Amino acid sequence: MSVSNDALATLVMVAEHGSFSAAARALGKRQSTVSECVANLEIDLGVSLFERSGRQPQLTAAGERLLPLARQALAAGTEPRLSLVLSDTFHTGSLEAALQAFATQFPHTELECLVGEQEDVLALVRQGRAQLGLLCGLAIQDGLLASQPLPQPASTSLYVAPQHALARQPPQDEAQLQAHRQLRLNTYGDTAPAGGAGQCWYAPSYLLLLEMTQLGFGWAELPDWLVARYAPELVPLPLPGWPQRRSLHAVWRRAQPPGPAAAWMLQHFLQPPAAG
């Protein structure tokens, strides 16, 4: 009898997370799908793997015997699903090339691409919701996570809409920006911003900040590639020190090193950009 990697991975996730609902969140699936997958595995094997009479499922003796074998099988093979969480500061041109090659290299691996920034990326990787994350300009001081810098830095500039007052009369220094509303990144993991006089508006993603900038609501720091592709009409503010370049890092859990598919994707991201 052939048992799928998906079924084995689901078994391991339920055992490690202690509940079907927590495993479902980590896998990005419905709880009913996870429960059905385990039930079908039990039918196929002809044994009960979890005792469900208590508040949380507990491995039966058969489940205890199967768990290390499932982990061994998964370690030897390609993971059935790969979840990435990516910052919008990462140029999607690099991602597009990676996805094209990934589809050929791992045709049977499910792929999920999430978008997050800064602390949100770290939280999703730390929770096991994503196996691999890419983020920009944040010091990673977390013993649970490993990281590696990418060769290509992220580039950001300050932008306004053509109809904005700052486009008609560019500021000479950053102090002159304070008279105008700033559009700022504030992730889900950040603390709530302190109340002010309306001089700052916040959003959790650069794409939403870009749309707000297009509408003329204020000035914002935005990834240069994002503006070039989706809003080339925006006007960069020619201030000293801009554009800024910050390092990008890949992160993953130390307790869950990248499997074959995640390791392949990581190596692709670590390759220097092609010349020209």
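Refer to the structure presented above.
All values derive from a computational prediction rather than experimental measurement.

### A few points about the packing of helix α1 (residues 5-17) against helix α2 (residues 20-27)
When two helices pack together, their arrangement is given by the angle between the helix axes and by the axis-to-axis distance.
Phase 1: Relative orientation of the contacting elements α1 and α2 amounts to 120 degrees, with a least axis distance of 8 Å. Accordingly, the angle class assigned to the pair α1 and α2 is oblique. Seen from above, α1 lies across α2 with right-handed handedness. The residues of α2 that touch α1, namely those facing Thr10, Met13, Val14 and His17, are Phe20, Ala22, Ala23, Ala26 and Leu27.
Phase 2: Its residues placed into classes, the contact of α1 with α2 shows seven nonpolar, two polar and no charged.

### What to know about the sheet that holds strand β4 (residues 110-115)
Phase 1: Taken in spatial order, the five strands of this open sheet run β4-β3-β5-β13-β6, and their pairing is mixed. For this open sheet the edge positions go to β4 and β6 (145-149), each flanked by a neighbour on one side alone. Here the strands of the sheet are splayed against their neighbours by 20 degrees on average, with no regard to which way each runs.
Phase 2: In this sheet, strand β13 (residues 248-253) lies alongside β6 in antiparallel orientation, the contact comprising five bridges. Bridge assignment links Ala146 to a residue of β13, and that residue is Trp252.
Phase 3: Across the sheet, helix α10 (residues 260-270) is in contact with β3 (81-86), β5 (132-136), β6 and β13; its angle to β5 comes to roughly 25 degrees.

How each quantity is defined
- Residues numbered from 1 in each chain as written.
- Predicted model: local features only at pLDDT ≥ 70, side-chain atom pairs only at ≥ 80, totals over all residues.
- Heavy atoms only, no water.
- Axes fitted to C-alpha atoms, helices over the stretch in contact; angles between N-to-C directions.
- Helix = DSSP H or I, 4+ residues; strand = E, 2+ residues; numbered from the N terminus.
- Parallel < 35°, antiparallel > 145°, perpendicular 65-115°, else oblique.
- Left-handed = near helix turned anticlockwise from the far one by under 90°.
- Contact = heavy atoms within 4.5 Å.
- Nonpolar A, V, L, I, M, F, W, Y, C, P; charged D, E, K, R; others polar.
- Pairing = 2+ DSSP bridges.

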